[in-house]
Amino acid sequence: MRRVLVGEPSIIHLGMKKIAGRTVKLVTLAIIFTILFTALRIYLYGNNCVDTKADAAVVLGAAVGVTACRRCSAKESITLLSYIVAGRCES
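All values reported here derive from a predicted model rather than from experimental measurement.

Asker: Is there a simple way to explain the overall build of the chain in this structure?
Answerer: Across its full length, the chain carries two helices and zero strands. Counting only residues that meet the buried cut, the chain has 1% of its 91 residues in that class. Surface summary for the chain: the accessible area is close to 9100 Å², and the carbon and sulfur share equals 66%.

Written out as structure tokens, the structure is:
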């Protein structure tokens, strides 16, 4: 049986350091890959251009108190929608 002196690293201790080092490397690579993949998707989305005819929708917020600004904005949205539906406005 081998005696281990105090302060001497054991085989288990060295093995755990190796596993911890590999784990840190893998996590770092995963983070870098995620950042690069996200950046690539953002870059490719910026070049995406699709010209299609779209339906217009008016979304009105359900607020307790409607301010004059919101009321005016809602009226303008409805007017614009009616022009688009009637075909009097080019999109």
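Asker: What should I look at first to understand the packing of aromatic side chains in this one?
Answerer: Given two aromatic rings, their pairing is described by the distance between the two centres and the angle made by the two planes. Enumeration over the complete set of coordinates arrives at one aromatic pair. Ring geometry for Phe33 and Phe37: centres 6.2 Å apart, planes at 15°, overall stacked. Of the two residues, Phe33 and Phe37 both sit in helix H1 (residues 11-46), four residues apart, roughly one turn of that helix. Phe33 gets classed as exposed once you look at its relative accessible area, which sits at 58%. Here Phe37 falls in the partly exposed class, since its relative accessible area comes to 42%.

Asker: Sorry if this is basic, but what is going on with a nonpolar patch on the surface here?
Answerer: Taken together, the side chains of Val27, Ile31 and Ile35 present a nonpolar region at the surface, about 280 Å² in accessible area. Following the sequence through the fold, Ile31 ends up in helix H1.

Rules used throughout
- Residues numbered from 1 in each chain as written.
- Predicted model: local features only at pLDDT ≥ 70, side-chain atom pairs only at ≥ 80, totals over all residues.
- Heavy atoms only, no water.
- Helix = DSSP H or I, 4+ residues; strand = E, 2+ residues; numbered from the N terminus.
- Buried < 20%, exposed > 50% of the residue type's maximum accessible area, 1.4 Å probe, protein only.
- Areas by Shrake-Rupley, 256 points an atom, 1.4 Å probe, with all protein chains shown as cover.
- Phe/Tyr/Trp six-rings, centres within 6.5 Å; stacked < 30°, edge-to-face > 60°.
- Patch = residues over 30% accessible without salt bridge, like charges linked within 9 Å, V, L, I, M, F, W, Y side chains within 5 Å.
- Salt bridge = Lys/Arg side-chain N within 4 Å of Asp/Glu carboxyl O.

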